[in-house]
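# Understanding the architecture of this molecule
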Amino acid sequence: MSVTTQEPASYLGAERTVRSWLLTTDHKRIAVAFLVAVVGALFLGGIFALLLRLELLMPEEHWVEAALYNRLFTLHGVIMVWLFLIPSIPVTFGNFLLPLMIGARDLAFPRLNLASLYSYLLGSVVVIVGAIAGGADTGWTFYPPYSAQTPMSVSPILIGVFILGVSSTMTGINFIVTTHTMRTEGMTWLRLPLFVWALYATSVILVLATPVLGITLILVWLDHAMNFGIFDPAYGGDPILYQHLFWFYSHPAVYIMILPAMGVMSEIVCHFSRKEIFSYLAIVGSTLGIAFVGFLTWGHHMFTAGMSSFDAGVFGILSMFVALFSAIKVFNWVATMYKGSIALPAPMLYFFGFLILFSVGGMTGVGVASTSLDVYWHDTYFVVAHFHFIMVGGAMMGFLAALHYWFPKIFGRMYPERLGTTAAVTVIMGFLLTFVPQFLLGNAGMPRRYNTYPEHYQTLHVISTVGSWAIAGGIVLVFAYLLWSVWWGRPVGRNPWGVLGLEWTTSSPPPKHNFTLPPTVAHGPYDYWLGRPDEDDGEPRT
Amino acid sequence: MIGVVVQGASGGSARWEGLVESLNRLYRKILMLPEQASTMARGLDFLHYFEITVMNVVALVIALTTLYFVIRYRRRRDAEYPPRVKPSISFELGVIAGLFSFFILFWVIGFRQYVEMLEAPEDALDVYVVGKQWMWQFAYPEGPASVGILYVPVGRPVRLHLTSRDVIHSFFVPEFRIKRDAVPGMYTTIWFEATRPGVYLGFCAELCGVGHSKMRAGVVALRPEEYDAWLRGRPPMVAQLPGRVPPNIEAPTQLEYQQELALLGQEVAARHGCLRCHSTDGSPHIGPTWYNLYGAWETMADGERVRVTEQYITRYIMDPNFKRVAGFEPVMPSFMGQITPAEIAAIIEYMKALSTEPEVRSGRAIFEGPPLPPFAPAPGTDTIRAGGAGRNR
């Protein structure tokens, strides 16, 4: 590669010692370390999901007894939410790309970034060891008084999640400060790539909401370990107060998961359609709108919990605004393709998967926000299917799309496109097979968190379990060929997709300090109408 | 769209009703919804059909547009750089506003139903439901209490007052389309009116521990005359009713006949010392009199007017400082941890029996004569038995 040899060594090859990886403050190396960790969490959480689905093949108890079943879905929830979905896109692709996309050398606080990595690892170890040694059976929601009274040891998981919260907050602060202070010359707010806007909004939610979670978890821990009775009516506490506090964080947490994925999708649809986003301001406005109104919808988790009808109505209508902003985004993505030049590599297939799954998830969200129907669907498989469509269908599609799109940027090598297409189709189809039957199960009245169920629900459960195997097969395939490609994939030049975007103007993989000279920006991020990008190095495109 | 037609058509000609009914059956089959066995189930399902129809149309439009764009504008040459397209913001605004007006319409219909679901008719029959790990108990004002099976009459509104002895549970009957959490330390309410006799399955919908998936209840809807017979002690012929008999519940269940709840309440109130401060005949004392208290509007020290309901009474017994009634000193102690949910249910029934004209007390009705004689138990039942029914069982 003639281009690369003239430039400084890449961040991967600059230093090769183990120490240089463990003590690195380079955002790119930290991002790669995070990538390894969150993918590990994804596999762990996935194994628990497969075990759950296996038990649900039969209406009666077979392999997994009730107590173990409760522990398994708690672990599945805790690991997937806090170890995978919440950190996934920001700490990996956000960490890697934010400085590259705004033309900076690193994040504003490189050492804070390293501290965030180690808090994440510490929190994960505490959660996983605590889960194996003790084991919580409360569900990822830790509702008291059950979580205060359960004989199992909830404390390690609560403390582990608290530490993970600290990690999230540090990343959030770092991103906000970086976006405000480290934009290169000409990178105005309205020239920011939409992924950066998404990261910015996500960071704001992380910084504002996570402390509430931290406080709440500590209070539950005091209840559980020392009988403080803050949420236990036997001591004069209020269990409903916990639900308000918990969902005040955990509802915005859904947008922590989905907003970065939306940012990834905005990038991908523009670059692979070679079109400017249909309306930049609409996407930015709806991103900030979701971040704002997301703080005011937590009550819709509590329509059956003993809340006044008036409150329920207010939370119902505020939830409709989230659907409104999401609809604006979907409209803009589809309109962006109009009169474009559309290529169909794997990231674009994940975009289509996202469009289907997120639309269905969002529309069923409108269903549950029309308060009366939620009374029926609440705590049934309908809700399970709904949030998996949003969180897995949305955040997971975003993660896989980002992984394929920026894989050549991170490792300087290309993944095999044919396997990429096969895996994408398998994952999306497997997903539909798993979760569409769960909507019907919920319609039929099947409550969630049951390890035994009446026989008439069995057919749908069997279809759902078979679907889960397809998802697992697809995901294993993705990481098998990606791992292979890290070492043996076809080497690429700096811009293998032939796309715009500041991150592609430096070599792939980038040098340690990202840019030899600080770049200057003169145009918006998606101005394809100006013609062929200058930075294109003429490599054959896949 | 079809949903609108369906909604608007109720009460139309017989032909319309036939069409509506077959649409209802078709949708219910496709969506795998259980049968509609309460008065509210049909309205809820029609909103469901309406939403799913609108959303499928929208999803289809998105999918077809995307497919068309992908085929029409696929990349044909590598060096293709399409020109800029000026966005038509008014088109976007139109689409979004159209969609949002549907969202708001769903909310308006849904919220009306939600309010209706929580506001029981005045003549509703009360049943006190207590969840505990891992069973449901149902207590009736007339006396019987049953474990595991809720008996209700068809054609009469039934209001459930739910609470829990330990952790949060949630009572869910799919065929009635109702669900409400049973939270320790407070009463929540929901109501329904069963429309057809049968046996239905009730679930616990809130994770409550190892026995969660087995915490089920039978719900038996009886014809009114059978229900009256059951209240008088005759076991109903459950085997002859349509529906699934829950496998883990043997029918008929054990029934325990005890005193009427109101009488039990009088006993409980005496035992806990309530009557030392609260009179029952309207005479002033340390606390507000219970005469005509239930259902009345009381004035608080800060001027707020609060209606005395099951929730208010429960809350006040647990946490007397949450409100201060005008004209009284805040001297009531909390009974948290000393009084069981069943005892509170009994006290509430007693207070109801003492309240024949709460409107008079509220000052919202004209006083029409001397007060009625205060509540007096029937002869022969007024003896207070130590460890009365419902407590030390």
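Below is a short write-up of the structure. (Residues numbered from 1 in each chain as written. Chains lettered and ligands numbered in written order. Predicted model: local features only at pLDDT ≥ 70, side-chain atom pairs only at ≥ 80, totals over all residues. Heavy atoms only, no water.)

## Some remarks on the packing of helix α9 (residues 239-273) of chain A against helix α14 (residues 381-411) of chain A
Residues and elements named next belong to chain A. α14 packs onto α9 with a crossing angle of 45° between their chain directions and a minimal axis gap of 8 Å. Classified by the angle between their axes, α9 and α14 sit oblique to one another. In terms of crossing hand, the pair formed by α9 and α14 is left-handed. For the pair formed by α9 and α14, the contact residues are Val254, Met257, Ile258, Ala261, Val264, Met265, Glu267, Ile268, His271 and Phe272 on the first element and Ile390, Met391, Gly394, Ala395, Met397, Gly398, Ala401, Ala402, Tyr405 and Trp406 on the second. Here the contact of α9 with α14 is built from residues that sort into 16 nonpolar, three polar and one charged. (Axes fitted to C-alpha atoms, helices over the stretch in contact; angles between N-to-C directions. Helix = DSSP H or I, 4+ residues; strand = E, 2+ residues; numbered from the N terminus. Parallel < 35°, antiparallel > 145°, perpendicular 65-115°, else oblique. Left-handed = near helix turned anticlockwise from the far one by under 90°. Contact = heavy atoms within 4.5 Å. Nonpolar A, V, L, I, M, F, W, Y, C, P; charged D, E, K, R; others polar.)

## Re the packing of aromatic side chains
As enumerated under the stated definition, the model contains 71 aromatic pairs over all chains in all. Taken together, a centroid distance of 5.3 Å and an interplanar angle of 10° make the contact between phenylalanine 354 of chain A and phenylalanine 358 of chain A stacked. Placement of both phenylalanine 354 of chain A and phenylalanine 358 of chain A in helix α12 (residues 346-369) is noted, with a separation of four residues, approximately one turn of the helix. Here phenylalanine 354 of chain A matches phenylalanine 358 of chain A in class, with each residue buried. Ring plane angle 70° and centroid distance 5.9 Å describe the contact between tyrosine 316 of chain B and phenylalanine 322 of chain B, whose orientation is recorded as edge-to-face. Over the ring of tyrosine 376 of chain A we find arginine 177 of chain B; its NZ or CZ atom is 5.2 Å from the centre of that ring. One Lys or Arg, lysine 179 of chain B, reaches over the ring of phenylalanine 172 of chain B and ends 4.0 Å from the middle of that ring. (Phe/Tyr/Trp six-rings, centres within 6.5 Å; stacked < 30°, edge-to-face > 60°. Buried < 20%, exposed > 50% of the residue type's maximum accessible area, 1.4 Å probe, protein only. Lys NZ or Arg CZ within 6 Å of the ring centre and 35° of its normal.)

## As for the environment of serine 266 of chain A
Residues and elements named next belong to chain A. One can find serine 266 in helix α9. Sequence separation of serine 266 and asparagine 443 is 177 residues, and the distance between their C-alpha atoms is 33 Å. The residues touching serine 266, leaving out its near neighbours within four places in the chain, are Leu194, Ile283 and Trp333.

## Here we look at the pairing of strand β6 (residues 169-173) of chain B
All names here are of chain B. Burial of β6 is extensive: five of the five residues sit out of reach of the surface. By the alternation rule, side chains of β6 split into His169, Phe171 and Val173 and Ser170 and Phe172, which are all buried. Pairing of β6 with strand β7 (residues 178-182) involves five bridges; the strand directions are antiparallel. The residue bridging valine 173 from the neighbouring strand is isoleucine 178, located in β7. Counted along the chain from β6 to the antiparallel partner β7, the turn is four residues long, and its residue arginine 177 has a positive phi close to 60°. Where β6 meets strand β9 (residues 198-204), two bridges bridge the pair, whose relative direction is antiparallel. For phenylalanine 172, the partnering residue across the bridge sits in β9 and is phenylalanine 203. (Pairing = 2+ DSSP bridges.)

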